[in-house]
Amino acid sequence: MSTEETPTASRHFIQQQIDADLAAGRVKHVHTRFPPEPNGYLHIGHAKSICLNFGLAKEYAGPEGPRFNLRFDDTNPAREEQEYVDAIMDDVRWLGADWESRLYHASDYFETHYGWAVELIKAGHAYVCDQTAEQVRETRGTLTEAGTPSPYRGRSVEENLDLFKRMRGGEFADGAKTLRAKIDMSAANVNLRDPVMYRIKHTSHQRTGDAWCLYPAYDWAHGQGDAMEGITHSICTLEFENHRPLYDWYLDRLQALKLLPGERPRQIEFARLNLTYTVMSKRKLLQLVQEKHVAGWDDPRMPTLRGLRRRGYTAESIRAFCERIGVTKQNSTIDMLWLEDAVRDHLNETAPRRMAVLRPLKLVLTGYADGSALPPSDSVKVCKLDNHPQHPELGSRSVPLTRELWIEQDDFMEDAPKQFFRLKPGGAVRLRGAGMAICQEVIKDATGEVVELRCVFDPDTTALVEGKKVKGTIHWVPVEGSVEAEVRLYDHLFGVEEPDRAPEGETFLHNLNKHSLERLTAKLEPDLATACAGESYQFERIGYFFVDPIDSRAGAPCFNRTVTLRDTWGKVADK
RNA sequence: UGGGGAUUGGUGUAAUCGGUAGCACGACGGAUUCUGAUUCCGUUAGUCGGGGUUCAAGUCCCUGAUCCCCAGCCA
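Residues numbered from 1 in each chain as written. Chains lettered and ligands numbered in written order. Predicted model: local features only at pLDDT ≥ 70, side-chain atom pairs only at ≥ 80, totals over all residues. Heavy atoms only, no water.

## Examining the domain arrangement of chain A
Entries for chain A in the domain assignment read domain 1 (13-270) and domain 2 (353-482 + 525-564). For domain 1 and domain 2, the distance between their C-alpha centres works out to 60 Å. (Domains from an automatic or database assignment.)

## Quick word on the protein's contact with RNA strand B
With respect to spatial proximity, 63 residues lie near RNA strand B, and among them Arg353, Arg422, Arg432, Arg566 and Lys571 are the closest. Taking the atoms of RNA strand B that fall within 4 Å of the protein, sugar and phosphate contribute 61% of them. Residue isoleucine 325 places a main-chain N or O atom 3.0 Å away from a sugar or linking oxygen belonging to RNA strand B. At 3.1 Å, a side-chain N or O of asparagine 348 approaches a sugar or linking oxygen of RNA strand B. Of the residues contributing to the surface near RNA strand B, the split by class is 16 nonpolar, 26 polar and 21 charged. (Near = heavy atom within 4 Å. Polar contact = N/O pair within 3.5 Å; in protein donor to acceptor, adjacent residues only side chain to side chain. Nonpolar A, V, L, I, M, F, W, Y, C, P; charged D, E, K, R; others polar.)

## Regarding the sheet that holds strand β11 (residues 356-357)
The seven strands are arranged β10-β23-β24-β25-β21-β22-β11 in an open sheet whose pairing can be described as mixed. The two strands at the open ends of the sheet, each matched to only one other strand, are β10 (353-354) and β11. Packing of helix α12 (residues 336-350) onto the sheet brings it into contact with β10, β23 (536-539), β24 (543-547) and β25 (558-564), and relative to β25 it is tilted by some 115°. (Pairing = 2+ DSSP bridges. Helix = DSSP H or I, 4+ residues; strand = E, 2+ residues; numbered from the N terminus. Contact = heavy atoms within 4.5 Å. Axes fitted to C-alpha atoms, helices over the stretch in contact; angles between N-to-C directions.)

## Remarks on the nonpolar core
Counting 38 residues, the largest nonpolar core has Ile44, Val92, Leu273, Leu275, Ile318 and Phe321 as the members making the most contacts within it. For this core, the secondary structure elements donating two or more residues are α2 (44-59), β2 (68-72), α3 (82-95), α10 (305-311), α11 (315-325) and α12. If you tally residues by element for this core, the top one is α2, at six residues. Discounting residues that sit within four places of it in the chain, isoleucine 318 has contacts with Ile44, Ala47, Trp94, Leu95, Leu305, Leu308 and Tyr313. (Core = buried A, V, L, I, M, F, W, Y, C linked by side-chain atoms within 4.5 Å. Buried < 20%, exposed > 50% of the residue type's maximum accessible area, 1.4 Å probe, protein only.)

## Observations regarding the packing of α11 against α12
Contact geometry of α11 with α12 gives a least axis separation of 8 Å together with a crossing angle of 130°. For the element pair α11 / α12, the angle class is oblique. As for how α11 packs across α12, the hand of that crossing is right-handed. When α11 is examined against α12, the residues Glu316, Ser317, Phe321, Arg324 and Ile325 are found in contact with a partner set consisting of Trp338, Leu339, Asp341, Ala342, Val343, Asp345 and His346. When its residues are assigned to classes, the contact of α11 with α12 shows six nonpolar, two polar and four charged. (Parallel < 35°, antiparallel > 145°, perpendicular 65-115°, else oblique. Left-handed = near helix turned anticlockwise from the far one by under 90°.)

## Comments concerning the sheet that holds strand β7 (residues 214-216)
What the four strands build is an open sheet, ordered β4-β5-β6-β7; its pairing is antiparallel. This sheet does not close on itself; its edge strands, each paired only once, are β4 (126-129) and β7. Neighbouring strand axes in the sheet, compared pairwise and without regard to direction, differ in orientation by 20° on average. With four bridges joining them, β4 and strand β5 (residues 178-181) adopt antiparallel strand pairing. Across the sheet, the residue bridging to tyrosine 127 is arginine 180, located in β5. Across the sheet, helix α6 (residues 157-169) is in contact with β4, β5, β6 (196-200) and β7; its angle to β4 comes to roughly 60°.

See below:
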């Protein structure tokens, strides 16, 4: 009985490396972490990292569950804020990654880092340097020329120990001294030319307050934090590949000094996510917010998790997206369509359907198709519509068909080509869930603008009848009883696929899409009056819309368009 | 020859020891449909270039090209 596994989904290079580590006995389990710096909000690129790290922890979970840490890389108090810490935790949780009780901060380890640095000094691996930042830069050499050693490189252990202690004590001004690792000023890898381990910053830290005026640099803090937490695979983006020798160098020294156990973390790099029509750098996102090109970090046009959430993206769709794009070391730019497809997929399954008219045109029912008069009451009939055509279990709701209706301006054409299946003079369409309307008269205003259509209604067609089929079905909303609401239509924040590719002398801001937001007052079917903040609906034939949690009021919802429906007619019409 | 990494259809990716270049998205065509949605079917198109080894090369060897990262007391 061979239970040979059928080749399932192929495994990406990180999974393969972990498999090899496990097989070789180099590690006994897998423990990952997500290490954000709290100096900005998380964006879709971070989501890729979170999904990767948490996904691996889940995939390789032992009986005690996934081992996944959230660790704030708070080593630079000058740029980090509690506001970001709170938002990051909220976003990570929302995405579905669970760090359980394993919430850590690089600052939790400041004392340990300090003690280890003292040991490195004692072992002759680090020294206090009095060079200014400028001098360090000048003596580092270039990419093709070796640097020259600092004149302080030969200080005695005793002097280094004394100076380092006094640095901690606050005796020296910012920038006056640094602690540097003594590695190799002629290393081809510039990161190994005696990198700074500590710099003096008399700045209070959002967690440790004024306890320290000495802060560890990233390279000195990161790998050691990984090691302390028992991280087995430290996964980061490609730009840190050049730092791996330094990551290993610190770990090697600490292991040699018996300060670390035999099992140690391993750094693996993958290509960060790039998306068309947007920018991903924290600096640029900050600039968009500060210069008010967007309404805030949670502006639905932003690629931030907060923006995406407010736009109506679901955590499930973002996870599916991250799964679909894969993990490699190739720099690539994913088409925004993939992200949009991912929400469409999810919302198509889950979002209840409703009717909404974005750009209203009045349609008046003047009588029945057989010439008889409509009932005396305004309501011609009450229509029952399914909330989801593929999921009848989601129930239905009623929409009154009245004498006066709103339909979409786009759904009427006076001189229509023959592929146009909607309303035209003398033509018939199906009013969704109601029956057929036949256009008998087109009313225009003084400027020739179509302002009203007069139609007759065919009640025999409420159920489908043979011989009375019509190709087009349009949505509608009763004038009496409809709800008016603000609807925001969002488009790409940037008008070009690669916003960073700006003309000479211009920045990425030059490529901002001036029409990325359009506000409309739409007419909605009555049921939508009670739509609640945070709900998603499909407005049939238009797109998916999310009830804005901030601007909506009870009984007065406000909708953000998450994404349009696929529109094959739109493509035809463009030609 | 500064160091490090990458290169497979339009896009994103897969191919275990060298053995039928596969999947998805898109595009295009068609079927179904009370959403021009969804769903379903089909078509399309690829190993960066040049040599070499081999019965057989995306994979191994040689050589060239292109792209990305690195000279913060940022991460």
